[in-house]
Amino acid sequence: MAIIVEKRDLTPITSLFEVNAPLIARNAQPGQFVMIRVNQQGERIPVTITDSNRSKGLVTIVVQVVGKTTHLLRSLERGDRILDFVGPLGRPVELPKHGQAALVGGGFGTGAILSLAKELAARGVEVCSIIGARTRDLIILEKEVRASSDHTYLCTDDGSQGFHGFVTGQLEALVRAGMAFDQVVAIGPIAMMRAVAETTRPLGIKTQVSMDPIMVDGTGMCGACRLTVDGQLKFACVDGPFFDAHQVNFAEAIVRSKTYAEEERAALTTAVAAGG
Amino acid sequence: MPMVQLKKTPLPALDPIQRRLGFQEVSLGYSPTQALAEAQRCLLCQEPNCEAGCPVGVPIRDFIKLIAEGKPLEAVRAIKQVNSLPAICGRVCPQEHQCELKCVIKGKQEPVAIGALERFVADYELAHQGAQTSVNGYHRNLVNSLPGKPTAKVAVVGSGPASLTAAGDLARTGYHVTLFEALHVPGGVLMYGIPEFRLPKSIVAAEINKLREQGVEIQCNTVIGRTITIDQLMHEMGFGAVFIGSGAGSPKFMGIPGENLKGVYSANEFLTRINLMKANRFPEFDTPVKKGQRVVVVGAGDTAMDVVRTAIRVGAREAYIVYRRTEKEMTARIEDYHHAAEEGALFQWLTNPVRLVGSDDGWVRGMECIRMELGSPDESGRRRPLPVAGSEFLMEVDTVVMALGTNPNPTVSQSTQDLVSDRYGHIKADPATGATSKPGVFAGGDVVTGSATVILAAGAGKRSAQAIHQYLNERRKAPTAGAPAVGC
Ligand SMILES: Cc1cc2nc3c(=O)[nH]c(=O)nc-3n(C[C@H](O)[C@H](O)[C@H](O)COP(=O)(O)OP(=O)(O)OC[C@H]3O[C@@H](n4cnc5c(N)ncnc54)[C@H](O)[C@@H]3O)c2cc1C
Ligand code: FES
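Residues numbered from 1 in each chain as written. Chains lettered and ligands numbered in written order. Predicted model: local features only at pLDDT ≥ 70, side-chain atom pairs only at ≥ 80, totals over all residues. Heavy atoms only, no water.

As a further point, take the confidence of the model for chain A. A residue-level look at chain A finds 99% of positions with pLDDT of 70 or above and a mean pLDDT of 93. In the model of chain A, helix H9 (residues 261-273) of chain A stands out as the element of lowest mean pLDDT, 86, in contrast to strand E16 (residues 242-244) of chain A, which has the highest, 98. (pLDDT = per-residue confidence, 0-100. Helix = DSSP H or I, 4+ residues; strand = E, 2+ residues; numbered from the N terminus.)

Pasting the structure below:
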């Protein structure tokens, strides 16, 4: 049981929550996630930790509505309780100790790159953050990302703000302009992460992605989250969530992520109709 | 002299047609009259072979004698000296490979139904809870009032049979026990793995409630190694000792092509979705599961039987077990195998999958198999299955479940320095005490042995509880310099 101490709506479909979870805040490291269950009938879903404050015992998460559980989660308010809030799970991301790094965040993934940006800034790595969204109203946490990055670039698919086009276009432009990234980390929708992988592969830049497959327990017990990485079977919840983007079998991961597309759509429609 | 009853007193079971309609317990248990009749079949041997067949040495002859004398509560007390979980073990132990295998009357007659009798007395006790406390004498207050009582804190990791047993014994000895479970429900495999129709969850819940009454604090949603590390437990939170019973939860796959198609599950995933998350009741519950029409389960252990029977209950028209050896080598309990067959499960013995074939949109649609024959015995003493060249054939399927066994979950060992495990991730522990390479840290159950049985896990928990008590006692008497003091 974890109490929500602060809620901030970032866009019409995205909210930021600060949750009281002192044990998790104490041990959380950049790139880890929590498993959340909203009510007794609920499913367990993974959500990336955006930030944690050890002294206040708070964990920050950003939730974008994609299905019923995220819909229910977003309808919670300050003072409400989250039934199950477990973490920090997964292996912390391995970040470079110096040089230049690009962080690419798409959609809710922008929340996830924030803790990485802070960590890199603390290490003295030069950070370029590229954040993308369909349109300007959906860009989140711009101020926070700017505060922890040396350079911040916005991209919108419709050109309503910043670079007109995908985050990969911006990334390529930066490399052409002479940025020599030691590492790229991309977090967001799977299609975006695949596009980033294909952009950096010919450039030979080490790239990590945060895989977000369907999970049940999030502790390594079920194998629902399995992926093929470099021809090997991996469980995203315990071996990941970060993997070498050039080794991930994205085609397979994309197919697997749609296993319950029908059920998810039906459940969301019912939940929205019920006003829940 | 009563007439000798050659066969076991039949154990009543739910009608097979009715079973398909839900998850009600199949095996119904003895009535007092039936239990008495069965107890009277026991010869009360001077040197009971059956007890040598029990991995933890339950005093079988004595408890059966007590049943025959009409003292079921005393019988259960005798069992609990050695095994804290008789209601569970009576239901799930592979008795035909253990105690009942060694019963002297076996051969000419059927062995005494020891498992069913164990279950009978345990259920009798549960139904007469009030009486239980007075006869058991498990009075925490009593222990606590003793001078020089141990008040140290002990942490127990996981909540399967190993941990439940260790926690109970330590609490009754007077320790402050906190049990940390990663999932949102305590009970381990007993809750998320073994289905309701074989082990009603109310039985597991009763054991857990008993622990709470004995003062055990249960903290779910806590992954040791992540939420709290073992070192934090010991050096920051004041736990004098830790017992690790984190099980062997990590499922194995075959490594054949097509295993990541949609509709392919591990047994753990399939069972967890249904037992723990109630996916069979989607959309009332939010977790979905594909309810296959043609389901194939690979493997023939207890887990495989549980999956095939679950698949039948959630609507499979055809549900197969595919196993590369024969019925004779399968490891499933015989009672469950019979129940599965009665419920309509189909068996393809001497058959091994070679690849899975998918549709254009990535759903599993076929399983190519090859027939096998048995060669000479392998390391396990069982005859080695060998493929028959050219015998490949295709099975039409829409759901495949891999029930191939499990490895330990790596989280605890990876996050704890100086805790030695083998290359498969089994924590190395002294079989007599559960002591690991790290002082004050003990381990037992599947995390040490690899996937085994409930009774072996429970036995390990019991031995570790004693060893922890001894360890803490010694520390109390002679606290070593520099180490955090154990006690108040
Ligand atoms: C489907 C199925 C059917 C079976 N049927 C039988 C049967 O009929 N008879 C029989 O004797 N045996 C059976 N077994 C085997 C038996 O269940 C196991 O041998 C036994 O449960 C092992 O007990 P354990 O206490 O070691 O661990 P488990 O029961 O595996 O419990 C371990 C617990 O620890 C938790 N955990 C893991 N890591 C952490 C962590 N880092 N922090 C906190 N908690 C953690 C897990 O979530 C789990 O709840 C079956 C197993 C399965 C899967
Ligand atoms: S979510 Fe179950 S193993 Fe990863």
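The discussion continues.
This paragraph deals with the sheet that holds strand E6 (residues 264-266) of chain B. Residue and element names in this part refer to chain B. Taken together, the five strands give an open sheet; going across it, the order is E6-E14-E7-E8-E9, and neighbouring strands pair in parallel fashion. Whereas interior strands pair on both sides, the edge strands pair on one side only; in this sheet they are E6 and strand E9 (346-348). Neighbour to neighbour, the strand axes of the sheet diverge by 25 degrees on average, direction disregarded. Note that E6 and strand E14 (residues 399-402) share three bridges and pair parallel. (Pairing = 2+ DSSP bridges. Axes fitted to C-alpha atoms, helices over the stretch in contact; angles between N-to-C directions.)

In this section: the sheet that holds strand E3 (residues 217-219) of chain B. All names here are of chain B. If you walk across this open sheet you meet the five strands as E3-E2-E1-E4-E16, and the pairing is parallel. If you trace the sheet from one side to the other, it starts and ends with E3 and strand E16 (441-443), each paired once. Neighbour to neighbour, the strand axes of the sheet diverge by 20 degrees on average, direction disregarded. One ladder, built from five bridges, connects strand E1 (residues 153-157) with strand E4 (residues 239-244); its direction is parallel. Within E4, the position partnered with valine 154 by the bridge is alanine 241.

All right, on to helix H5 (residues 167-176) of chain A then. All names here are of chain A. Along H5, the positions that sit buried rather than exposed are Val167, Thr168, Gln170, Leu171 and Leu174. Take H5 and look down its axis: the buried residues cluster within an arc of 160 degrees, on one side only. In the segment just after H5, glycine 178 is the residue with positive phi, at about 110 degrees. (Buried < 20%, exposed > 50% of the residue type's maximum accessible area, 1.4 Å probe, protein only. Arc of directions from axis to C-beta.)

With that settled, the discussion passes to the nonpolar core. Formed by 68 residues in total, the largest nonpolar core has its most connected members in Ile60, Phe63, Ile64 and Leu117 of chain B. Examining the composition of this core, we find that nine residues originate from one element, helix H20 (residues 454-477) of chain B, more than from any other. Counting 54 residues, the second largest nonpolar core, distinct from the first, contains Phe33 and Phe243 of chain A together with Phe253 and Val364 of chain B. (Core = buried A, V, L, I, M, F, W, Y, C linked by side-chain atoms within 4.5 Å.)

In this section: the packing of aromatic side chains. This model, assessed by the stated rule, comprises 10 aromatic pairs over all chains. Each ring, one from phenylalanine 235 of chain A and one from phenylalanine 253 of chain B, has its centre 6.3 Å from the other, and the planes form 90 degrees; the classification is edge-to-face. Placement of the pair is phenylalanine 235 of chain A in strand E15 (residues 232-235) and phenylalanine 253 of chain B in the loop between strand E5 (250-251) and E6, with the two residues belonging to separate chains. Accessibility expressed as a relative area gives 14% for phenylalanine 253 of chain B, which makes it buried. Seen from their ring centres, phenylalanine 120 of chain B and tyrosine 124 of chain B are 6.0 Å apart, and the 45 degrees between their planes marks the pair as tilted. In this pair, phenylalanine 120 of chain B and tyrosine 124 of chain B both sit in helix H8 (residues 114-127), four residues apart, roughly one turn of the helix. Given the relative accessible area of 9%, phenylalanine 120 of chain B is considered buried. A network of ring pairs unites the aromatic residues Tyr323, Tyr337, Phe347 and Trp349 of chain B as a single cluster. Positioned above the aromatic ring of phenylalanine 239 of chain B, the side-chain terminus of lysine 153 of chain B is 4.5 Å from the ring centre. (Phe/Tyr/Trp six-rings, centres within 6.5 Å; stacked < 30°, edge-to-face > 60°. Lys NZ or Arg CZ within 6 Å of the ring centre and 35° of its normal.)

Okay, the side chain of glutamine 170 of chain A next. Residue placement: glutamine 170 of chain A occurs in helix H5. With near-sequence residues (within four places) excluded, glutamine 170 of chain A lies in contact with Ile130, Tyr153, Leu154, Cys155 and Phe163 of chain A. (Contact = heavy atoms within 4.5 Å.)

We now examine the pairing of strand E7 (residues 84-89) of chain A. Residues and elements named next belong to chain A. Within E7, six of the six residues are buried, which leaves it mostly tucked inside the rest of the structure. Across four bridges, the pairing between strand E3 (residues 33-37) and E7 is antiparallel. Paired with arginine 37 across the two strands is aspartate 84, which belongs to E7.

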